[in-house]
Amino acid sequence: MNLYIRYFDKETLVYNADEAIDFLCSIPEVGMNPQIEADVREYVESDVYYPKRYKVRPRVYFIIIKTEASTMLDFKQKKALRSNTAPTQGNDRKAAANVVASRLTEERRGWYEGALDFKRVVMIAATGKHEYRDTHFVARCKALSGLDCYNRIVEHLRERVDGRSQFPSAKGKNFKFKYLGMWK
């Protein structure tokens with residue numbers, strides 16, 4: 001694993017923690033000390049792959065990024081992106097989101113039951129002011145897909161609630177649907 005280090009316009013690609021520390025020592029503004037050195041070594045030895053920022057002074061940082069790139073050109077052209085041999089939790093979320101999105105648009109004519117949690121604008125009678133209230137709405141409708149079910153429910157609600165009400169995305173956790181069966 002190699003390391004890309006950058007402090008403003010000074011940047012380098014190094015191959016181990018010692019070279020990284022040597023580079024940082026060559027920049028007087030960084031103020032290299034035993035604590036930063038130990039932290040850099042710990043970061044290099046860890047299994048963490050996200051970039052690491054180190055504060056030099058308020059709003060001024062240097063950054064270290066782990067990479068498999070062997071040259072600076074490869075790093076700049078993103079040719080050596082880290083391969084994911086084992087799926088991480090973030091990848092599981094992306095895969096789940098893709099499954100939800102494909103299930104949402106899958107065309108399957110019939111009856112659907114859709115449940116939507118949205119922010120409804122209501123007037124408070126005592127004060128005459130308006131506020132948002134979490135509202136749960138469930139409806140059964142004929143639709144072509146889960147997305148069509150969502151669109152029909154939102155269209156129905158838009159005609160009946162205050163225009164300032166806020167509806168969630170069809171892909172989010174606040175909309176759920178289930179296919180009930182073919183219409184006759």
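Below: a short report on this structure. Chains are numbered independently. Their residues run from 1 in the order of the written sequence. In keeping with the model being predicted, local features are shown solely for residues with a pLDDT of at least 70 and side-chain atom pairs are shown and tallied solely at 80 or more, while totals for entire chains, interfaces and linings include all residues. Side-chain figures throughout are based on the complete set of non-hydrogen atoms in the structure, without hydrogens or water.

1. Concerning the overall build of the protein
Then, in step 1: For the protein, the helix and strand inventory stands at five helices and seven strands.
Then, in step 2: Listed N to C, the secondary structure of the protein is β-β-α-α-β-β-α-α-β-β-α-β in terms of helices and strands.
Then, in step 3: The buried share of the protein, reckoned over its 184 residues, is 32%.
Then, in step 4: Any two residues whose heavy atoms approach within 4.5 Å at even a single point are treated as in contact. A separation threshold of at least 6 residues defines the contact pool for the protein, and within that pool the share at least 24 residues apart is 54%. Helix and strand assignments follow DSSP, with helices taken as H or I runs no shorter than four residues and strands as E runs no shorter than two, numbered in order from the N terminus. The rule is simple: take the accessible area with a 1.4 Å probe, protein chains only, and divide by the maximum for that residue type; under 20% is buried, over 50% is exposed, in between is partly exposed.

2. Looking at the packing of helix α1 (residues 17-25) against helix α2 (residues 34-45)
Then, in step 1: At a closest axis distance of 10 Å, the pairing of α1 and α2 adopts a crossing angle of 145 degrees. The handedness of the crossing between α1 and α2 comes out as right-handed. Residues Ala-17, Asp-18, Ala-20, Ile-21 and Leu-24 of α1 pack against Glu-37, Val-40, Arg-41 and Val-44 of α2.
Then, in step 2: Three categories are distinguished: nonpolar for Ala, Val, Leu, Ile, Met, Phe, Trp, Tyr, Cys and Pro, charged for Asp, Glu, Lys and Arg, and polar for the others, with Gly belonging to the last. Its residues placed into classes, the contact of α1 with α2 shows six nonpolar, no polar and three charged. Between N-to-C directions, angles cover 0 to 180 degrees, with each direction set by a line fitted to C-alpha atoms, over the stretch in contact for helices. Each crossing is labelled by how the near helix is turned from the far one, with a counterclockwise turn of less than a right angle marking it left-handed and a clockwise turn marking it right-handed.

3. Side note on the sheet that holds strand β1 (residues 2-7)
Consider a sheet: its strands pair through backbone hydrogen bonds, and that pairing is either parallel or antiparallel.
Then, in step 1: In short, DSSP must find at least two bridges between two strands for them to pair. Spatial ordering of the open sheet is given by β2-β1-β4-β3, a layout of four strands whose pairing is antiparallel. With one partner strand each, in any of the chains shown, β2 (10-14) and β3 (52-57) form the two edges of the open sheet. On average, each strand axis in the sheet is tilted by 15 degrees relative to the strand beside it, whichever way the strands run.
Then, in step 2: Pairing of β1 with β2, which is carried by five bridges, proceeds in the antiparallel orientation. The residue bridging Tyr-7 from the neighbouring strand is Lys-10, located in β2.
Then, in step 3: Relative to strand β4 (residues 60-67), α2 is tilted by about 25 degrees, and along the sheet it contacts β1, β3 and β4.

4. Considerations on the pairing of strand β5 (residues 110-123)
Then, in step 1: Examined bridge by bridge, β5 and strand β6 (residues 130-143) share 14 bridges and lie antiparallel to one another. Bridge pairing in β6 places Arg-120 opposite Arg-133.
Then, in step 2: Hairpin connection, β5 to β6: the antiparallel pair is bridged by six residues, and Gly-128 has positive phi, about 80 degrees.
Then, in step 3: Judged from the six bridges that link them, β5 and strand β7 (residues 175-181) form a sheet pairing that is antiparallel. Bridged to Leu-116 within β7 is Phe-175.

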